[in-house]
Amino acid sequence: MKRICQLLLIFSAVHVQAQQPATENLHNKVITLQRFLQQNHYLPVIWNDTSSAVLFNKWIEKLDDEKLFFTQTEIAALETYKTKLDDELSGKGWEFFNRSVALYKTSLKRTDSILRALLAKPFDFSKPDNIAWPFTGYAQNITELTQRWQRFLKWRVLENIADKLSDEGKSITEVIPEDFAAMEKEARERSKKQEGS
């Protein structure tokens with residue numbers, strides 16, 4: 001079961017990376033692959049609502065395992081397909097793949113805008129803040145998603161500063177270094193590169 005799901009995900013991911021517009025052709029290939037695996041696999045998967053849910057969960061995990069791109073509303077919209085993927089793999093429609101990929105592209109563009117805005121100016125470290133990592137659920141809305149990214153990026157900036165101090169053989173203390181503003185700016189620039197923004 002695990003291998004079949006991985007094969008289907010890899011097959012679909014290759015298509016997304018190649019950005020071929022012929023999704024109907026991909027649909028036909030997936031159906032052919034599924035039939036081949038059913039006939040030739042030593043333990044073929046029986047496609048039903050349970051296996052559909054497993055495939056759905058793996059696909060969503062591949063798209064947003066850190067829960068930093070989708071909101072709860074977007075996930076809820078996709079969950080309407082959770083038990084229908086077995087039907088789609090049998091040739092009855094192809095909505096989920098197209099909808100999930102379109103939603104993913106939209107969320108990537110939105111995230112890029114959030115990152116550019118947050119990393120454009122210095123972070124405020126004057127107030128205590130916390131982050132619970134890894135996130136266990138999706139953000140409720142765009143505001144919460146932005147706050148989540150802000151906390152994540154602040155943590156990343158502090159981590160970059162700590163790494164730099166450690167690399168230079170300096171001890172990390174609770175006292176703020178005199179050149180903190182310059183270090184913060186440099187760490188933000190590094191975070192821009194790390195996050196691809």
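Everything here concerns the structure above.
The following refers to the structure shown. (Residues numbered from 1 in each chain as written. Predicted model: local features only at pLDDT ≥ 70, side-chain atom pairs only at ≥ 80, totals over all residues. Heavy atoms only, no water.)

### Considerations on the environment of Ile 131
Along the polypeptide, Ile 131 turns up in the loop between α6 (95-119) and α7 (142-167). Considering only alpha carbons, one finds Ile 131 and Phe 152, 21 residues apart in sequence, at a separation of 7.0 Å. When residues no more than four places from it in sequence are discounted, the contact partners of Ile 131 are Arg 151, Phe 152 and Trp 155. (Helix = DSSP H or I, 4+ residues; strand = E, 2+ residues; numbered from the N terminus. Contact = heavy atoms within 4.5 Å.)

### Thoughts on the pattern of salt bridges
Across all of its chains, the model carries 13 salt bridges by this definition. We note a salt bridge from Lys 154 to Asp 129, for which the minimum N-O separation is 3.3 Å. Residue Lys 154 is found in helix α7, and its partner Asp 129 is found in the loop between α6 and α7; the two are separated by 25 residues along the sequence. On the basis of relative accessible area, Lys 154 is assigned to the buried category, the value being 10%. Judged by relative accessible area, which is 42%, Asp 129 ranks as partly exposed. By sharing partners, the salt bridges in this structure join Lys 164, Glu 168, Lys 170, Glu 186 and Arg 190 into a single network. (Salt bridge = Lys/Arg side-chain N within 4 Å of Asp/Glu carboxyl O. Buried < 20%, exposed > 50% of the residue type's maximum accessible area, 1.4 Å probe, protein only.)

### Quick word on the packing of helix α4 (residues 72-79) against α6
Close contact between α4 and α6 brings their axes to 10 Å; oriented N to C, the two are set at 170 degrees. The orientation of α4 relative to α6 falls into the category roughly antiparallel. In this structure, α4 uses Glu 74, Ala 77 and Leu 78 to contact α6, whose residues at the interface are Phe 96, Arg 99, Ser 100, Leu 103 and Arg 110. Taken together, the residues of the contact of α4 with α6 break down into 4 nonpolar, 1 polar and 3 charged. (Axes fitted to C-alpha atoms, helices over the stretch in contact; angles between N-to-C directions. Parallel < 35°, antiparallel > 145°, perpendicular 65-115°, else oblique. Nonpolar A, V, L, I, M, F, W, Y, C, P; charged D, E, K, R; others polar.)

### Quick look at the packing of aromatic side chains
Inspection of the entire model under this criterion finds 13 aromatic pairs. A ring pair is formed by Phe 56 and Phe 96, whose centres lie 5.5 Å apart and whose planes are at 45 degrees; its orientation type is tilted. In this pair, Phe 56 is assigned in helix α3 (residues 49-64) and Phe 96 in helix α6, connecting sequence segments 40 residues apart. An identical accessibility class is assigned to Phe 56 and Phe 96; each is buried. Judged by centre distance (5.3 Å) and plane angle (75 degrees), the rings of Trp 133 and Phe 135 are edge-to-face. Overall, Trp 133 belongs to the partly exposed group, its relative accessible area being 36%. Judged by its relative accessible area of 13%, Phe 135 falls in the buried class. Taken together, Phe 69, Phe 70, Tyr 104, Trp 133, Phe 135, Trp 149, Phe 152 and Trp 155 form an aromatic cluster joined through their ring pairs. Positioned above the aromatic ring of Tyr 138, the side-chain terminus of Lys 67 is 5.3 Å from the ring centre. (Phe/Tyr/Trp six-rings, centres within 6.5 Å; stacked < 30°, edge-to-face > 60°. Lys NZ or Arg CZ within 6 Å of the ring centre and 35° of its normal.)

These figures come from the coordinates and say nothing about function on their own.
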